[in-house]
Amino acid sequence: MTSLTTRRFLQLAALSAAGLLLAACGKKEEPTPAPAAAPVASAAAPAPAPAKVYNVGTDAAYAPFESQNEKGEIVGFDIDVVKAAAAKAGIEVKFTNTPWEGIFNALGQGDRDLLVSAITITDERKQTMDFSTPYFDAVQLIAVKDGSKIAKFADLKKLKVGVQTGTTGDEAVSKLLGKTNTNIKRFESTPLALKELEAGGVDAVVADNGVVIHYVANNPGGKFKTVSDAEFVPEQYGIAVKKGNTELLEKLNKGLADLKADGSYDKIYAQYFGAAPAKAAEAPAPAASK
Ligand code: ARG
């Protein structure tokens, strides 16, 4: 209640001080800031600044990692991990559906503060953004129709293959078939690529194992099966922040470490994938033989 009158008084004091200074201006050198100005600032300080809400970009067409439920809410494993890590780190987050194609630009331009989107940590991406410690192990997996004779990745060489544009699946297939090969059918989302497989427009889809397994399990009418191949290099997901944003990165890493330490990460994992993850951190390397 007194703060208003105090502020008003200080404003007036500042004004009259400014007036005095103006009057003095002609004669003297640059004065030090009027003492009255400082109390104004400190009088305003106690009002708690609204907490920053970090805007998280995610391409929510990637169940079970991120998708939209019937209510339009963004849900999934990634979402739960980031929410829990943020709670541990004492920061507030909100999620914004962000198409994969523009997701890295949105981060670079500051439209998003961080990204969680089953993003594989790659050397190339590390040049333009920073990643948290890995929070999930993944690998590419091939989806084909039930009766398909495809038995390994190399079998796709002369076939039509669907991928989500700009993903690590796209990269792997581009390597095998040649980047400009018209047999590579690029889609803006992985579900669209899988729908095309169901429709017979492509012979196979290459995408992250978790998403392919989830899709196949939830679309029994599609009559899919999956084909794995040890040729695929192991991948790890990380949360991305703008390059140089170490302050946020440290908070996220601390949050992730806390989650792993107190067992809440394993709980979230089990909720989506049925069992606790293999303790990859303690093992020398994932068991992908190559
Ligand atoms: N892990 C793959 C990559 O980083 C695919 C990620 C796609 N994520 C998504 N939400 N659409 O390229």
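Here is a short report on the structure shown in this document.

Neighbouring the ligand are 14 residues; Asp 59, Ser 117, Ala 118, Arg 125 and Asp 208 lie closest to it. Ser 117 is positioned with one of its backbone polar atoms (N or O) 2.8 Å from a nitrogen atom of the ligand. In this structure, Thr 120 approaches the ligand through a side-chain N or O atom, which is 2.8 Å from a nitrogen atom. For the ligand, whose accessible area on its own is 350 Å², the fraction buried by protein is 100%. Here the residues of the shell around the ligand are counted per class, giving 5 nonpolar, 5 polar and 4 charged.

Counting 33 residues, the largest nonpolar core has Phe 77, Leu 114, Tyr 135 and Phe 136 as its most contacted members. Of all the elements in the fold, those that place two or more residues in this core are β1 (53-58), α3 (77-89), β8 (136-138), α9 (246-261) and α10 (264-273). Sorting elements by how many residues they give to this core places α3 first, with 7 residues. When sequence neighbours within four positions are dropped, the list of residues in contact with Tyr 135 reads Phe 77, Asp 78, Val 81, Val 116, Ser 117, Ala 118, Tyr 237, Gly 238, Ile 239, Leu 256, Lys 260 and Tyr 265. Counting residues in hydrophobic clusters, the runner-up holds 16 residues, among them Ile 142, Leu 177, Ala 204 and Val 206.

For Ala 240, the position within the fold is in strand β15 (residues 240-242). The sequence separation of Ala 240 and Arg 125 amounts to 115 residues, and the corresponding C-alpha distance is 9.4 Å. Among all residues touching Ala 240, those that are not within four sequence positions of it are Leu 107, Asp 113, Leu 114, Leu 115, Ile 119, Met 129, Asp 130 and Phe 131.

Looking now at the pairing of β1. Counting buried residues along β1, 5 of its 6 residues qualify, which places the element largely inside the surrounding structure. In this structure, β1 lies alongside strand β5 (residues 92-97), joined through 6 bridges in parallel fashion. Across the sheet, Tyr 54 pairs through a bridge with Val 93, a residue of β5. Of the strand pairs in this sheet, β1 and strand β6 (residues 114-115) are connected by 2 bridges, and their pairing is parallel. Note that in β6 the partner of Val 56 across the bridge is Leu 114.

Evaluated as defined, the whole model comprises 21 aromatic pairs. Note on Phe 77 and Tyr 265: the rings are 6.0 Å apart at their centroids and 80° apart in plane angle, and the pair reads as edge-to-face. Taken together, the positions of Phe 77 in helix α3 and Tyr 265 in helix α10 put the pair 188 residues apart, joining distant regions of the chain. Each member of the pair, Phe 77 as well as Tyr 265, is classed as buried. Between Tyr 269 and Phe 273, the ring centres sit 5.0 Å apart and the planes meet at 50°, which makes this aromatic pair tilted. Here Tyr 269 pairs with Phe 273, and both are found in helix α10, just 4 residues apart, close to one helical turn.

Counted under the stated rule, the structure contains 8 salt bridges. The closest approach of N and O atoms between Asp 170 and Arg 186, which form a salt bridge, is 3.0 Å. Of the two residues, Asp 170 is situated in helix α6 (residues 168-177) and Arg 186 in strand β11 (residues 184-187); the sequence distance between them amounts to 16 residues. Looking at Arg 186, the relative accessible area reads 34%, which means it is partly exposed. For Glu 247, the salt bridge goes to Lys 251, with nearest N and O atoms at 3.3 Å. Note that Glu 247 and Lys 251 are positioned in helix α9 at a spacing of 4 residues, about one turn of the helix. The class of Glu 247 is exposed, set by a relative accessible area of 53%.

Moving on to the environment of Tyr 215. By the element assignment, Tyr 215 lies in helix α8 (residues 209-218). A relative accessible area of 11% means that Tyr 215 is categorised as buried. With residues near it in sequence (within four places) discarded, Tyr 215 still touches Pro 191, Leu 194, Lys 195, Glu 198 and Phe 224.

About the cut-offs
Residues numbered from 1 in each chain as written. Predicted model: local features only at pLDDT ≥ 70, side-chain atom pairs only at ≥ 80, totals over all residues. Heavy atoms only, no water. Near = heavy atom within 4 Å. Polar contact = N/O pair within 3.5 Å; in protein donor to acceptor, adjacent residues only side chain to side chain. Areas by Shrake-Rupley, 256 points an atom, 1.4 Å probe, with all protein chains shown as cover. Nonpolar A, V, L, I, M, F, W, Y, C, P; charged D, E, K, R; others polar. Core = buried A, V, L, I, M, F, W, Y, C linked by side-chain atoms within 4.5 Å. Buried < 20%, exposed > 50% of the residue type's maximum accessible area, 1.4 Å probe, protein only. Helix = DSSP H or I, 4+ residues; strand = E, 2+ residues; numbered from the N terminus. Contact = heavy atoms within 4.5 Å. Pairing = 2+ DSSP bridges. Phe/Tyr/Trp six-rings, centres within 6.5 Å; stacked < 30°, edge-to-face > 60°. Salt bridge = Lys/Arg side-chain N within 4 Å of Asp/Glu carboxyl O.

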